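# Residue-level structural notes
Here is what each chain is made of, one letter per residue.
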Amino acid sequence: MTGKRNLRHFVTVADLNDDEVGRVYQTAAETKAHVKKGLHTNALAGRTLGMIFEKPSMRTRMSFETAMVQAGGHAIDIRGEEIGLGKRESVKDVALVMSRYVDAIVARTFAHRRIEALARYAEVPVVNGLSDYAHPCQALADVFTIREKLGSLDGVHLVFVGDGNNVARSLAMLCPRFGMKFTLAAPKGYEFDTAFHEKLAKTLGFDPDIRAARDPRQAVREAHVVYTDVWASMGQESEAEKRKQLFRPYQVNGELMRNAPHGALVMHCLPAHRGDEISDEIIDGDQSIVYDQAENRLHVQKGLLFFLLGVEEI
Ligand code: CP
Ligand code: NVA
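All of the points below concern the structure found in this document. Each residue is numbered by its place in its chain's sequence as written, counting from 1. Lettering for chains starts from A, numbering for ligands starts from 1, and both go in the order in which the items are written. Per-residue local features are limited, in this predicted model, to residues with pLDDT of at least 70; the limit for side-chain atom pairs, both in listing and counting, is 80 or more; totals at the level of whole chains, interfaces and linings are taken over all residues. Side-chain metrics rest on all non-hydrogen atoms present in the structure, leaving aside hydrogens and water.

### Comments concerning the overall build of the chain
Using the following cut-off: In DSSP terms, a helix is any run of H or I states spanning at least four residues, a strand is any run of E spanning at least two, and both are numbered starting from the N terminus. In this treatment the radius of gyration is a C-alpha quantity, and the globule benchmark scales as 2.2 Å times the residue count to the 0.38 power. For each residue, the accessible area found with a 1.4 Å probe, counting protein chains only, is set against the maximum for its type, and the residue is called buried under 20%, exposed over 50%, and partly exposed in between. For this analysis, residues touch if any pair of their heavy atoms sits within 4.5 Å. Only the protein chains shown count as cover for residues, and all accessible areas are computed by the Shrake-Rupley method using a 1.4 Å probe.
Counting its regular elements, the chain contains 13 helices and 9 strands. Here the chain has a C-alpha radius of gyration of 19 Å; the compact-globule value for 314 residues is 20 Å, and the two agree. Principal axes of the C-alpha set define a box for the chain whose edges measure 55 × 45 × 40 Å. The buried share of the chain, taken over its 314 residues, is 56%. A separation of at least 24 residues holds for 75% of the contacts in the chain among residues at least 6 apart in sequence. Surface accessibility of the chain: about 13900 Å² in total, with carbon and sulfur atoms responsible for 48%.

### A short note on the site of ligand 2
Our working definition: We call a residue near a molecule or strand when any one of its heavy atoms sits within 4 Å of it. Two N or O atoms count as a polar contact when they lie within 3.5 Å, although within protein this holds only if one can serve as hydrogen donor and the other as acceptor, and sequence-adjacent residues are included solely when both atoms are side-chain atoms. Three residue categories are used. Nonpolar comprises Ala, Val, Leu, Ile, Met, Phe, Trp, Tyr, Cys and Pro, charged comprises Asp, Glu, Lys and Arg, and polar comprises the others, including Gly.
Neighbouring ligand 2 are the residues Leu 130, His 135, Asn 165, Asn 166, Val 167, Asp 229, Val 230, Ser 233, Met 234 and Leu 270. In the environment of ligand 2, an oxygen atom lies 2.8 Å from a nitrogen or oxygen atom belonging to the side chain of Asn 166. Ser 233 places a side-chain nitrogen or oxygen 2.8 Å from a nitrogen atom of ligand 2. Contact with the protein chains hides 95% of the accessible area of ligand 2, taken as 270 Å² for the molecule alone. Class assignment of the residues belonging to the shell around ligand 2 gives a composition of 5 nonpolar, 4 polar and 1 charged.

### Description of helix H13 (residues 290-308)
Helical geometry note: an α-helix holds 3.6 residues per turn, so side chains three or four residues apart project in the same direction. Note the threshold: Expected span of a helix, by definition, is 1.5 Å for each gap between consecutive residues, and there is one gap fewer than residues. To get the bend at a residue, fit one axis to the 7 residues ending there and another to the 7 starting there, then take the angle between the axes.
The first and last C-alpha atoms of H13 sit 27 Å apart over 19 residues, in line with the 27 Å expected at 1.5 Å per residue. Considering bend angle alone, the principal kink of H13 is centred on Asn 296 and spans about 25°. With respect to burial, H13 is a largely interior element, 15 of its 19 residues being buried. Looking one or two places after H13, you find Gly 310, whose phi comes out positive at around 70°.

### Regarding the sheet that holds strand S7 (residues 210-213)
For the record, the criterion: Whether two strands pair depends on DSSP finding at least two bridges between them. Angles here are taken between N-to-C directions and fall from 0 to 180 degrees, while the axes themselves are lines fitted to C-alpha atoms, restricted in helices to the stretch in contact.
Across the sheet, 5 strands lie side by side as S7-S6-S5-S8-S9; this open sheet has parallel pairing. The open sheet terminates on both sides in strands that have one partner only, identified here as S7 and strand S9 (265-268). Within the sheet, the average angular offset between the axes of one strand and its neighbour, ignoring direction, is 20°. Where strand S8 (residues 225-228) and S9 come together, 4 bridges link them in parallel fashion. When the sheet's bridge partners are listed, Val 226 is paired in S9 with Val 266. Against the sheet, helix H6 (residues 136-150) engages strand S5 (157-161), S8 and S9, with an angle of about 160° to S9.

### Considering the site of ligand 1
Every residue lining ligand 1 is accounted for by Ser 57, Met 58, Arg 59, Thr 60, Arg 108, His 135, Gln 138, Cys 269, Leu 270 and Arg 297. The separation between an oxygen atom of ligand 1 and a polar side-chain atom of Thr 60 is 2.7 Å. For the shell around ligand 1, the per-class residue count stands at 3 nonpolar, 4 polar and 3 charged.

### A short note on the pattern of salt bridges
Convention followed: Every case where a carboxyl oxygen of Asp or Glu lies within 4 Å of a side-chain nitrogen of Lys or Arg is listed as a salt bridge.
Considering all chains together, one arrives at 16 salt bridges under this definition. Here the residues in one salt-bridge network are Asp 163, Glu 239 and Arg 243, joined through shared partners.

### Some words on the side chain of Glu 54
Positionally, Glu 54 belongs in the loop between strand S1 (48-53) and helix H2 (59-70). Its relative accessible area of 13% is what places Glu 54 among the buried residues. At 2.7 Å, the side chain of Glu 54 and the side chain of Arg 114 are in polar contact. If we skip the residues at most four places from it in the chain, Glu 54 touches Arg 79, Gly 80, Leu 85, Arg 108, Thr 109, Phe 110 and Arg 114.

### Brief notes about the packing of H6 against helix H7 (residues 166-174)
Put simply, the rule is: Throughout, the term roughly parallel applies to angles under 35 degrees, roughly antiparallel to angles over 145, roughly perpendicular to angles from 65 to 115, and oblique to all others. Two helices crossing with the near one rotated counterclockwise from the far one by less than a right angle form a left-handed crossing, whereas a clockwise rotation gives a right-handed crossing.
Contact pair H6 / H7: the axes reach a minimum separation of 8 Å and the direction vectors enclose 50°. Put simply, H6 runs oblique to H7. The hand of the H6/H7 crossing is right-handed. On H7, the residues touching Pro 136, Gln 138, Ala 139, Leu 140, Asp 142 and Val 143 of H6 are Val 167, Ser 170, Leu 171 and Leu 174. In terms of residue class, the contact of H6 with H7 is built from 7 nonpolar, 2 polar and 1 charged.

Given below as structure tokens:
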């Protein structure tokens with residue numbers, strides 16, 4: 001197991017420096033090529049990943065478990081309500097006891113501070129598998145996918161159309177580090193707040209190229225990538241109807257995409273609500289890379305696990 005001294009977590013994208021992201025991408029590219037040739041590694045033989053899910057998941061859970069199995073390891077997942085995190089048992093005790101069993105923990109929680117608490121007490125790496133504040137694994141894999149598709153990241157303009165949510169925040173935290181421009185086109189009240197902008201500039205150590213737009217048509221005019229996500233995230237179901245009305249002009253559809261440059265890519269972290277934030281014609285169309293994007297969760301998270309568990313050789 002990882003000694004506490006070298007312990008690293010991945011709670012937000014800021015937990016990896018640029019070189020480390022580069023290393024994760026290098027491993028991801030190598031293991032992806034490996035898997036495509038039908039080869040598997042034993043680099044994680046005997047290692048176990050413990051996963052806690054307070055919210056539903058398909059991609060995160062399956063991609064982490066598959067990453068472990070393809071590398072000779074094992075994963076166990078458990079629903080948050082079964083553990084009763086913070087109710088049946090304190091977060092501290094769960095973190096300390098799980099650390100005696102498993103080599104790393106992935107957790108999907110409602111409150112971001114719960115992931116932070118797990119990371120504070122755990123004696124093995126803790127990975128944020130989505131919280132109400134951030135979805136760092138998603139952003140990490142998405143930037144890898146964009147680089148794979150476009151060859152380079154410098155000057156690439158990602159326009160996020162919709163809610164300034166956990167996915168949007170994580171992308172805004174990562175994209176500027178690779179010379180990318182980021183625009184959030186959102187209705188009033190759903191933009192990033194000032195505290196987020198201030199914290200981001202402070203964490204990055206430079207003033208990032210992050211813009212805010214109200215009009216999605218105007219916003220996508222110079223987009224290389226148009227990204228969208230659900231209008232109501234998990235935990236916001238009671239607001240879904242209200243948001244549906246408000247976000248209607250922000251649907252990524254054929255009409256919106258006619259304002260974007262020819263060949264602009266379309267991304268969505270999935271699950272998608274077809275007919276709400278994205279139309280069938282666009283998600284199923286030539287510009288959509290959503291399934292490649294989803295596939296790369298597997299490869300990039302495998303690279304991340306290798307990094308956090310100190311695996312040098314694939
Ligand atoms: N994109 C994503 O994290 O999907 P799941 O909610 O299915 O894990
Ligand atoms: N913003 C979405 C992402 C799901 C992967 C949510 O939090 O529900």
